[in-house]
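A look at the structure
Each chain, letter by letter, is given below.
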Amino acid sequence: MLSRLATLARAARSAAGAAPSSFSASAQPASATAINGFNGAAGAGGASGFAAMGVASTALLGLASVAYADEAEHGLHSAQYPWPHEGMFDSYDHTSIRRGHQVYQQVCAACHSLNLVAYRNLVGVAYTPDEVKCLAEEIEVTDGPDDTGEMFERPGKLSDKLPAPYANEEGARYANNGAYPPDLSLITKARHDGQNYVFSLLLGYREPPAGVSVREGLHYNPYFPGGAIAMPKMLVDGGVEYDDGTPATETQMAKDVTTFLAWAAEPESDDRKLMGAKFLFAMSLVAVQAVYYKRWMWSPIKARKLVVNAVIKRSLNPDLDLDLDIVPGCTTCRQSRSVEGTGGGGYLDLYLDLDVDLDLDLNLQPGFCSGVVRGSPRLPISTSP
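Predicted model, so just to flag it, every value in this text is computed and none were measured. (Residues numbered from 1 in each chain as written. Predicted model: local features only at pLDDT ≥ 70, side-chain atom pairs only at ≥ 80, totals over all residues. Heavy atoms only, no water.)

**Looking at the packing of helix H7 (residues 194-203) against helix H8 (residues 250-265)**
To keep it simple, the criterion reads: Note on geometry: axes are lines fitted to C-alpha atoms, helical ones only across the stretch in contact, with angles between N-to-C directions running from 0 to 180 degrees. Counting from the N terminus, the helices are the DSSP runs of H or I reaching at least four residues and the strands are the DSSP runs of E reaching at least two. Note on angle classes: values under 35 degrees are labelled roughly parallel, values over 145 roughly antiparallel, values of 65 to 115 roughly perpendicular, and the remainder oblique. Crossing handedness follows the turn of the near helix against the far one: under a right angle anticlockwise gives a left-handed crossing, and clockwise gives a right-handed one. Contacts between residues were defined by any pair of non-hydrogen atoms, one from each residue, lying within 4.5 Å.
Close contact between H7 and H8 brings their axes to 9 Å; oriented N to C, the two are set at 150°. What the angle tells us is that H7 and H8 run roughly antiparallel. Taken as a pair, H7 and H8 cross one another with a handedness that is right-handed. Seen from H7, the contacting residues are Gln195, Val198, Phe199, Leu202 and Leu203; seen from H8, they are Glu250, Thr251, Ala254, Lys255, Val257, Thr258, Leu261 and Ala262.

**Some points on the pattern of salt bridges**
The condition that has to hold: Basic side-chain nitrogens of Lys or Arg form a salt bridge, by our definition, when they fall within 4 Å of a carboxyl oxygen of Asp or Glu. In this scheme, a residue with accessible area under 20% of its type's maximum is buried, one over 50% is exposed, and one in between is partly exposed, where area comes from a 1.4 Å probe on protein chains only.
Applying the stated criterion across every chain, the model contains 12 salt bridges. Note that Glu250 is salt-bridged to Lys233, the shortest N-O span being 3.3 Å. Of this pair, Glu250 sits in helix H8 while Lys233 sits in the loop between strand S4 (228-229) and H8, and the two are 17 residues apart along the sequence. For Glu250, a relative accessible area of 17% translates into the label buried. When the shortest N-O distance is used, the salt bridge between Arg272 and Glu266 registers 3.2 Å. For Arg272, a relative accessible area of 39% translates into the label partly exposed. A single network of salt bridges, built from pairs that share partners, joins Lys189, Glu266, Glu268 and Arg272.

**Digging into the packing of aromatic side chains**
Our working rule: When the centres of two rings from Phe, Tyr and Trp lie within 6.5 Å, Trp using its six-membered ring, the rings pair. Their planes under 30 degrees apart give stacked, over 60 give edge-to-face, and anything left gives tilted.
A full pass over the atoms with the stated rule returns five aromatic pairs. Each ring, one from Tyr81 and one from Phe199, has its centre 4.8 Å from the other, and the planes form 70°; the classification is edge-to-face. Here the residue Tyr81 occupies a position in the loop between helix H2 (34-74) and helix H3 (94-106), and Phe199 occupies one in helix H7, the gap between them amounting to 118 residues. For Phe199, a relative accessible area of 9% gives the class buried. Taken together, a centroid distance of 5.9 Å and an interplanar angle of 40° make the contact between Tyr293 and Trp296 tilted. Here Tyr293 and its partner Trp296 are both found in helix H9 (residues 269-302), three residues apart, which amounts to about one turn of the helix. Judged by its relative accessible area of 48%, Tyr293 is partly exposed. The class for Trp296 is exposed, based on a relative accessible area of 52%.

**Observations concerning the layout of surface pockets**
Operational definition: Buried and open spaces are told apart on a 1 Å grid over the protein atoms alone, a cavity being a set of points where a 1.4 Å probe fits but cannot get out and a pocket being an open set with protein on both sides within 12 Å along at least five of seven lines. Residues with an atom within 4 Å of a point are the lining residues. Grid points are joined across faces, edges and corners, and a volume is the space filled by probe spheres set on the points.
The space that makes up the largest pocket amounts to roughly 810 Å³. Around the largest pocket, the lining is made up of 32 residues, and of these His112, Pro181, Pro182, Ile229 and Met231 lie nearest the centre. At the level of elements, H7 and H8 are the ones that each hand at least two residues to the lining of the largest pocket. For the lining of the largest pocket, the element with the most residues is H7, which contributes four residues.

**Notes on the packing of H3 against H8**
Let me state the cut-off plainly: Classes in brief: Ala, Val, Leu, Ile, Met, Phe, Trp, Tyr, Cys and Pro nonpolar; Asp, Glu, Lys and Arg charged; the others, Gly included, polar.
Axis separation between H3 and H8 bottoms out at 7 Å; the angle between their running directions is 100°. Taken together, H3 and H8 sit at an angle that is classed as roughly perpendicular. Here Ser96, Ile97, Arg99, Gly100, His101, Val103 and Tyr104 of H3 come into contact with H8, specifically with Gln252, Met253, Lys255, Asp256, Val257, Thr259, Phe260 and Trp263. Split by residue class, the contact of H3 with H8 holds seven nonpolar, five polar and three charged.

**Here we look at unusual backbone geometry**
Between Gly144 and the following residue, Pro145, the backbone shows a cis peptide bond with an omega angle of 0°. Located in the positive-phi region is Asn177, a residue other than glycine, with phi close to 55°. In this fold, Asn177 is placed in the loop between helix H5 (169-175) and helix H6 (187-190). For Asp193, which is not glycine, the phi torsion reads 55° and is therefore positive. Take Asp193: it is sitting in the loop between H6 and H7.

**Quick word on the side chain of Gln102**
What counts is decided by this rule: Any pair of nitrogen or oxygen atoms within 3.5 Å is treated as a polar contact; in protein, a donor-acceptor pairing is required on top of that, and neighbouring residues in sequence qualify only through side-chain atoms on both sides.
Note on placement: Gln102 falls in helix H3. A polar side-chain atom of Gln102 sits 2.8 Å from a polar atom in the side chain of Asp243. Non-local contacts of Gln102, meaning those with residues more than four positions away in its chain, are made with Tyr127, Glu241, Tyr242 and Asp243.

**So, the nonpolar core**
Convention followed: Think of a nonpolar core as a cluster: buried Ala, Val, Leu, Ile, Met, Phe, Trp, Tyr and Cys residues, connected wherever their side-chain atoms sit within 4.5 Å.
Formed by 42 residues in total, the largest nonpolar core has its most connected members in Val103, Tyr104, Leu114, Phe260 and Trp263. Elements with a contribution of two residues or more to this core: H3, helix H4 (129-137), H7 and H8. When residues in this core are grouped by element, the largest group, eight residues, is from H8. Those residues within four positions of Phe260 in sequence are excluded, and the remaining contacts are Ile97, Gly100, His101, Tyr104, Leu114 and Leu122.

**Structural notes on H8**
What counts, and what does not: A helix is expected to span 1.5 Å for every residue after the first.
Here H8 spans 23 Å end to end across 16 residues, near enough to the 22 Å set by a 1.5 Å rise per residue. Here H8 lies mainly inside the structure; 13 of its 16 residues are buried.

**Brief notes about the state of the cysteines**
Should the sulfur atoms of two cysteines be covalently bonded, the bond is a disulfide. This is how the line gets drawn: In plain terms, two cysteine sulfur atoms within 2.5 Å form what is called a disulfide here.
In the structure shown here, the tally under the stated rule is zero disulfides. We note that Cys111 lacks a disulfide partner, and the nearest cysteine sulfur, in Cys108, lies 8.9 Å from it.

**Digging into the side chain of Ser200**
Relative to the helices and strands, Ser200 resides in helix H7. By relative accessible area, Ser200 is classed as buried at 4%. Within the structure, Ser200 has its side chain in polar contact with the backbone oxygen of Asn196 (distance 2.8 Å). Discounting chain neighbours no more than four positions away, the residues touching Ser200 are Ser78, Ala79, Tyr81 and Tyr223.

Geometry only, nothing functional implied.
And the structure:
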């Protein structure tokens, strides 16, 4: 497809370059009047416009042919359907799985196998244990050898796989005119847009459009790659009688058998989603505890406030309130009590044992001139008289 687009681009460039030269070859001589020259210029512009339109039309036709070729090769893209089990916390519709198994058993099992599904897998999903045992006992399984070395036939049991319609691939091709019906165990995983593809394919049979010929023995279905499929239309209204009385329309049967095949490809999906939900719930509890423990551990450090014992010599006012705040990150402090200092003079003595910088807030009453905090670290103090 890319090579075809490149060819179309080169053809467009060559056509655009050739249009002015071909027109100039038919231009009038230089002795023509100004009016003829003007007409020639207008004609050149019109020719260039027609050339551009031709190139654009050719490109559009080429793109349309490329899109048609891609559709014929890969099939028509199926629509997106809201399957009820696709959500993160959504489970399979087990009644639909049971109906889908009935459609498979009565319609699809004549040609397609389901080699990865055993009867025991249906227990608790679509049937009760007794119902599954009855289904298994309806088939005959070749087992052995016995004590005499001979193979024998026995009724099926829960551990047996669902029976295949053909013994081998050669027998399947011989019975279907050379076409090999694929195993459906992983069909929704093996096809692009699996569930939507299967659903659209089952409902996509129609008459071929004009100009499209389908050889004998094939059937037109635009969702199948190539448009011609060997499998005929199998679903018709009323083709299956459901146990629960649901009307067996063509669309209902297609939806049910697609749900059954989606479950067959991922029978552990519900358990996996349930385990994931439990894990998310447990992790949410751990996250809440981790946040609480972090705040509980760091709150004394981040909110620590130090009020130290100081000796103050006053000048005019007898009282001084000293408020010393520790910057978050402080690790050690010896003094932690509030005292109002009294005295006279213009300085105060403060002794600290701190490992980091401090945020010092001194509320000095009017009358103090200056002072120095002596300790670790050493900070100047100044006030206006």
